[in-house]
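Chain residues, written in single-letter form:
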Amino acid sequence: IINDNDRQVLGSAIPDFFGSFFTRLEWRNWALDLTFAYSHGNKAYNAVRRLTESGKDFSNQSTAVMRRWSMEGQVTDIPRVSYGDKVGNNDFSDRWIEDASYVKLRDITVSYTWDKPFLSFFQGGTIYVTGENLLTATKYLGLDPEFSYSNSTVLQGVDYGKVGAPRSVKLGVNLKF
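Since this is a predicted model, take the numbers as computed values, not measurements.

A. Up close: the pattern of salt bridges. Evaluation of the coordinates by the stated rule reveals 12 salt bridges. Note that Asp4 and Arg7 form a salt bridge whose closest N and O atoms lie 3.1 Å from each other. Here Asp4 and Arg7 have matching classes, each one exposed. Between Arg49 and Glu98 there is a salt bridge whose closest N-O contact spans 2.8 Å. Here Arg49, found in helix α1 (residues 47-52), pairs with Glu98, found in strand β4 (residues 97-99); they are 49 residues apart in sequence, far enough to count as distant.

See the structure below:
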């Protein structure tokens, strides 16, 4: 018999610790700036995986469904596919709870600065290239472990597929007159 006595806490969307750190390396006229963000100890409910690995109807499914259970003795992490899911293989469970800890390279900038006048009216300047959100180290299987849908505590840690921050590269010049 499965009842309320079988329930247990599966984790918290609130991380044990989180933050960011910045470092700058300089050599002659060159500089390298790195900004990292991190979060550790938070769990997330991956609702996108629940939808795309359920196999309960004819909607598009993840390729992970190809690992589904199909015969006696088979060892797999995906249960048997059953139209309508009458046995409840895809009900809310710890199958959809994932570690959402991460370390993210938020910004990286390489720059070159000069102080010599050129073109008779520029007194110097800096040329730089910046990359944002280029690298995320995580075990989380969703699009991005850093998400939030509302300020409601009920929805914290629930991933419905919100698009993460985009990767971008910028090239710029700052000139001194």
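B. Main features of unusual backbone geometry. Positive phi, close to 55 degrees, is recorded for Arg28, a residue that is not glycine. With respect to the element layout, Arg28 can be found in the loop between β1 (17-27) and β2 (30-40). The exposed category is assigned to Arg28, whose relative accessible area is 72%. Positioned with a positive phi, Asp85 is a non-glycine residue whose angle comes to about 50 degrees.

C. Highlighting the sheet that holds strand β3 (residues 43-46). The strand order across the open sheet formed by three strands is β4-β3-β7, and the pairing between neighbours is mixed. Two strands close off the open sheet at either side, each with one partner strand: β4 and β7 (158-159). Pairing geometry for β3 and β4, over three bridges, is antiparallel. Residue pairing in the sheet places Lys43 in a bridge with Asp99 of β4.

Conventions used here
- Residues numbered from 1 in each chain as written.
- Predicted model: local features only at pLDDT ≥ 70, side-chain atom pairs only at ≥ 80, totals over all residues.
- Heavy atoms only, no water.
- Salt bridge = Lys/Arg side-chain N within 4 Å of Asp/Glu carboxyl O.
- Buried < 20%, exposed > 50% of the residue type's maximum accessible area, 1.4 Å probe, protein only.
- Helix = DSSP H or I, 4+ residues; strand = E, 2+ residues; numbered from the N terminus.
- Pairing = 2+ DSSP bridges.

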